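# Coordinate analysis (summary)
Take a look at the letters that make up each chain.
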Amino acid sequence: MTAKISAIIAQYIGQEIRLIIPEVGTLIRRKESGEIIFMDMLKKNDGTLVQLIVNAMDVSPSKATEITNRYIGTVKQQLESNKKFIIDGVGVLLARPDGKIDFSFNPFAKSL
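Residues numbered from 1 in each chain as written. Predicted model: local features only at pLDDT ≥ 70, side-chain atom pairs only at ≥ 80, totals over all residues. Heavy atoms only, no water.

### A short note on the side chain of aspartate 88
- Residue position: aspartate 88 is located in the loop between β4 (84-87) and β5 (91-95).
- Within polar-contact distance, the side chain of aspartate 88 engages the backbone nitrogen of serine 111 at 2.7 Å.
- When residues no more than four places from it in sequence are discounted, the contact partners of aspartate 88 are Ala3, Ser6, Ala10, Ala109, Lys110 and Ser111. (Helix = DSSP H or I, 4+ residues; strand = E, 2+ residues; numbered from the N terminus. Polar contact = N/O pair within 3.5 Å; in protein donor to acceptor, adjacent residues only side chain to side chain. Contact = heavy atoms within 4.5 Å.)

Structural data, given as structure tokens:
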């Protein structure tokens, strides 16, 4: 399921400017270069990721919310235990000792 959500995120952020991953942070695509950056300050759920899952997976909003919450839990768990989380086709989130998250843009990133 994580790979499916990563694919949804990669497709969306390849076309749009911003995507909030609730409780984690925001991916922002720079128009000029196409590079993706990450801000860990904007984390409030705006409903976009849930709606993307509704559309892509043809599920109800409540099921999409459940899927989103599981994905967020996986991201947080991976950042806590492995200090990194790969969003396939987007890049790598890296946990810092101070609790903040760094991001390394890599459109070729692929989780194992």
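### Things to note about the environment of aspartate 40
- Structurally, aspartate 40 can be placed in the loop between β3 (36-39) and α2 (48-57).
- Between the C-alpha atom of aspartate 40 and that of isoleucine 21, which follows or precedes it by 19 residues, the distance is 9.4 Å.
- Excluding residues within four positions of it along the chain, aspartate 40 makes contact with Val24, Gly25, Lys100 and Ile101.
- A polar contact is formed between the side chain of aspartate 40 and the backbone nitrogen of isoleucine 101, at a distance of 3.0 Å.

### With respect to the pattern of salt bridges
- All chains considered together, the criterion is met by eight salt bridges.
- A salt bridge links arginine 18 to aspartate 46, with the shortest nitrogen-to-oxygen separation between them at 3.9 Å. Taken together, the residues arginine 18 in strand β1 (residues 18-21) and aspartate 46 in the loop between β3 and α2 connect sequence positions 28 residues apart.
- Of the residues examined, arginine 18 reaches a relative accessible area of 42% and is grouped as partly exposed.
- Residue aspartate 46 is classed as partly exposed on the basis of its relative accessible area of 38%.
- Notably, a salt bridge pairs glutamate 35 with arginine 30, separated by 3.1 Å at the nearest N-O pair.
- Owing to a relative accessible area of 36%, arginine 30 belongs among the partly exposed residues under this scheme.
- Where salt bridges share partners, they join Lys63, Glu66 and Arg70 into one cluster. (Salt bridge = Lys/Arg side-chain N within 4 Å of Asp/Glu carboxyl O. Buried < 20%, exposed > 50% of the residue type's maximum accessible area, 1.4 Å probe, protein only.)

Purely spatial values, then, with no claim about function.
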